[in-house]
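# Residue-level structural notes
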Amino acid sequence: MSTFRPRRVLVTGGAGFIGSAFVRRALARFDGLDRLVVLDALTYAGHEVNLAEVADDARFRFVRGDICDHPLVARLFAEDDYDTVFHLAAESHVDRSIDAADAFVRTNVAGTFTLLDVARRAWGPDAAASRRFVHVSTDEVYGALGPEGEFTEDSPLCPTSPYAASKAASDLFVGSFYKTHGLPAVITNTCNNYGPRQLPEKLLPLMIVHAAEGRPLPVYGEGKQVREWIHADDHADGLCLAAERGVPGERYNFGSGDESSNLELVTRVADLVDAALGRPEGTARAQITFVEDRKAHDFRYAVDCSKAKEQLGFLASRALADELPRTVAWYLANEDWRRAVATDEHARFQRAHYAGRGGQGGRP
Ligand code: NAD
Ligand code: TYD
């Protein structure tokens, strides 16, 4: 198995949750890395504090900018002659895409197109030996499963939410640039991520923070939907492998096998928070509030990642049973981080979103 070695790397969305986990892994893992540039617009979801640990690394540079800005992206490619792009910048929250999908079409579709267009012009048609474009996507592009089965890389794209549709559209553009222009692109489709530095609008950090603060834990519908949970550091390792060993034109699923219904997971979080704060058992469970279900809520996602295991040597090594208590502990110990990412925009969205569904998710 030949190994590709990234030297001059562009990471889009590196100030977000997974992007910042990936930047930490890439700087530690890639031998011979000369430079790593993060391009991030710092939307409500991006925060430079997420990159504080690597800010002094001489190989690292942060550029605040928009992936839809063609002249900016072209200038960065001309300045740094990237051999590898890890494309993580996206609007990533399903609930926001249901409220208004404009930003999802702009960033996830048009922004991805801009990066592809600049990369193929800069790299030319014979880049397979010397360049890689890793497109970071989601298992949500495949649609919803019933209680049994798993998505494979051959499952048809059948997205439900506008978020999932925008990611599926971006996957199709990436595939078309591989087929049409020979762009050496690899697509990765990963299940739900968890770990430190995830914005408390996604299920796990939201429930941890609300449990700690004595606020309602808003479970959609009856909480029966099932998600597969992978630690962001395992995902980051997978993305490194996708560049090092992935075959251009191929798609790889990354998963963990750790499935849980939402209610089961929220209950575990509630108990962990009570234990960590020394409160009587059942305190946080009593905060669970069933609220109006998400529109067109996908019942279950799960991926078969045997292709990534066999062809890339990928294996998620962090089990939810071990990492959930650590994740809870991280959010409880990092109130400064929670304050740093709690913007007014975020608070406004949370208030409006939960007020209408019979819960009180937003800040009082
Ligand atoms: P996130 O919302 O935490 O971070 C997204 C980052 O992209 C932010 O830093 C934001 O500022 C930046 N960004 C948004 N629009 C931009 C633009 N126009 N130009 C430049 N930067 C912009 O998201 P995340 O959870 O870290 O997800 C990262 C990627 O992984 C996304 O592509 C997402 O679709 C994919 N993914 C996420 C999950 C998950 O469970 N979170 C699972 C599978 C795949
Ligand atoms: P989320 O973290 O938004 O990820 P995704 O929609 O990409 O899977 O949600 C995970 C699951 O948790 C999903 O089934 C919706 C549910 N959920 C709730 O029940 N309550 C909440 O407040 C949120 C944010 C999500």
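Relevant structure appears above.
## Brief notes about the overall build of the protein chain
Helices and strands together make up the secondary structure of the protein chain, namely 12 helices and 12 strands. For the protein chain, the spread of C-alpha atoms along the three principal axes comes to 60 × 45 × 35 Å. Across the 364 residues that make up the protein chain, the buried fraction comes to 56%. Put simply, of all contacts in the protein chain between residues at least 6 apart along the chain, 82% involve residues at least 24 apart. Accessible surface, the protein chain as shown: approximately 14600 Å² in total, 50% of it carbon and sulfur. The centroid of the 42 positive side-chain charges in the protein chain is displaced by 3 Å from the centroid of its 52 negative side-chain charges.

## Re the packing of helix α6 (residues 203–213) against helix α8 (residues 262–277)
Between α6 and α8, whose axes approach to 9 Å, the crossing angle comes to 40°. Relative to α8, α6 is oriented oblique. When the axes of α6 and α8 are compared, the crossing they make is right-handed. In contact with L203, L204, M207, I208, A211 and A212 of α6, α8 contributes N262, L265, V266, V269, V273 and L277. When grouped by side-chain class, the residues that make up the contact of α6 with α8 number 11 nonpolar, 1 polar and no charged.

## Quick word on the environment of L324
One can find L324 in helix α10 (residues 320–333). Given a relative accessible area of 1%, L324 falls into the buried group. It is 40 Å that separates the C-alpha atoms of L324 and H70, two residues lying 254 residues apart in sequence. Excluding residues that lie within four positions of it along the chain, L324 makes contacts with Y194, L204, L265, R268, V269 and L272.

## A word on the sheet that holds strand β9 (residues 226–231)
If you trace the 3 strands from one edge of the open sheet to the other, you get β7-β9-β11, paired in mixed fashion. Edge strands, defined here as strands with exactly one partner in the open sheet, are β7 (192–194) and β11 (259–261). Adjacent strand axes in the sheet meet at a mean angle of 45°, parallel and antiparallel pairs treated alike. With 3 bridges connecting them, β9 and β11 associate as antiparallel partners. Counterpart to R227 in the pairing with β11 is S260. Against the sheet, α8 engages β9 and β11, with an angle of about 90° to β11. Where α10 meets the sheet, its contacts fall on β7 and β9, and the angle it forms with β7 comes to roughly 50°.

## Quick notes on the packing of helix α4 (residues 102–123) against helix α5 (residues 162–181)
In contact at an axis separation of 8 Å, α4 and α5 are set at 15° when each is read in the N-to-C sense. Classed by the angle they form, the pair α4 and α5 counts as roughly parallel. Both α4 and α5 take part in a crossing whose hand is right-handed. Here F104, N108, V109, T112, F113, L116, D117 and R120 of α4 come into contact with α5, specifically with Y163, S166, K167, A169, S170, F173, V174, F177 and H181.

## Quick notes on the pattern of salt bridges
Applying the stated criterion across every chain yields a total of 30 salt bridges. Residue R96 pairs with E345 through a salt bridge whose shortest N-O separation is 3.0 Å. Separated by 249 residues along the polypeptide, R96 in helix α3 (residues 94–99) and E345 in helix α12 (residues 344–355) bring together distant segments of the chain. A relative accessible area of 9% places R96 in the buried class.

## Details of the site of ligand 1
What surrounds ligand 1 is a group of 29 residues, the closest being I18, D40, S92, Y163 and K167. T43 places a main-chain nitrogen or oxygen 3.1 Å from an oxygen atom of ligand 1. Between I67 and ligand 1, the recorded distance is 3.0 Å, taken from a backbone N or O atom to a nitrogen atom. Burial of ligand 1 by the protein chains amounts to 96% of its free accessible area of 840 Å². Broken down by secondary-structure element, the contributors of at least two residues to the shell around ligand 1 are α1 (17–29), β5 (132–138), α5 and β7. Among the elements that take part in the shell around ligand 1, β5 stands out by supplying 3 residues, more than any other.

## Details of the sheet that holds strand β6 (residues 185–190)
Within a sheet, each strand pairs with its neighbour through backbone hydrogen bonds, oriented either parallel or antiparallel. Strand order in this open sheet of 7 strands is β3-β2-β1-β4-β5-β6-β10, and the pairing throughout is parallel. Two strands close off the open sheet at either side, each with one partner strand: β3 (60–64) and β10 (251–254). Here the average twist between neighbouring strands, direction ignored, is 20°. Note: strand β1 (residues 8–12) against strand β4 (residues 84–87), 4 bridges, orientation parallel. Within the sheet, the bridge partner assigned to T12 lies in β4 and is H87. Sheet strands touched by α5: β5, β6 and β10. Its angle to β5, the strand with the most contacts, is close to 155°.

## Topic: the site of ligand 2
Near ligand 2 there are 18 residues, and of these E140, P218, R294, H297 and Y354 occur at the shortest range. A distance of 2.9 Å separates an oxygen atom of ligand 2 from a polar atom in the side chain of N192. A distance of 2.8 Å separates an oxygen atom of ligand 2 from a polar side-chain atom of N262. In the complex, 97% of the free accessible area of ligand 2, which totals 510 Å², lies under the protein chains. For the shell around ligand 2, the elements supplying multiple residues, two or more each, are α6 and β8 (217–220). Class assignment of the residues belonging to the shell around ligand 2 gives a composition of 9 nonpolar, 4 polar and 5 charged. When residues of the shell around ligand 2 are sorted by domain, at least three fall in each of domain 1 (8–193 + 230–254) and domain 2 (198–227 + 259–297 + 319–350).

The rules we used
- Residues numbered from 1 in each chain as written.
- Chains lettered and ligands numbered in written order.
- Predicted model: local features only at pLDDT ≥ 70, side-chain atom pairs only at ≥ 80, totals over all residues.
- Heavy atoms only, no water.
- Helix = DSSP H or I, 4+ residues; strand = E, 2+ residues; numbered from the N terminus.
- Buried < 20%, exposed > 50% of the residue type's maximum accessible area, 1.4 Å probe, protein only.
- Contact = heavy atoms within 4.5 Å.
- Areas by Shrake-Rupley, 256 points an atom, 1.4 Å probe, with all protein chains shown as cover.
- Lys, Arg positive; Asp, Glu negative; His and termini not counted.
- Charge placed at Lys NZ, Arg CZ, Asp CG, Glu CD.
- Axes fitted to C-alpha atoms, helices over the stretch in contact; angles between N-to-C directions.
- Parallel < 35°, antiparallel > 145°, perpendicular 65-115°, else oblique.
- Left-handed = near helix turned anticlockwise from the far one by under 90°.
- Nonpolar A, V, L, I, M, F, W, Y, C, P; charged D, E, K, R; others polar.
- Pairing = 2+ DSSP bridges.
- Salt bridge = Lys/Arg side-chain N within 4 Å of Asp/Glu carboxyl O.
- Near = heavy atom within 4 Å.
- Polar contact = N/O pair within 3.5 Å; in protein donor to acceptor, adjacent residues only side chain to side chain.
- Domains from an automatic or database assignment.

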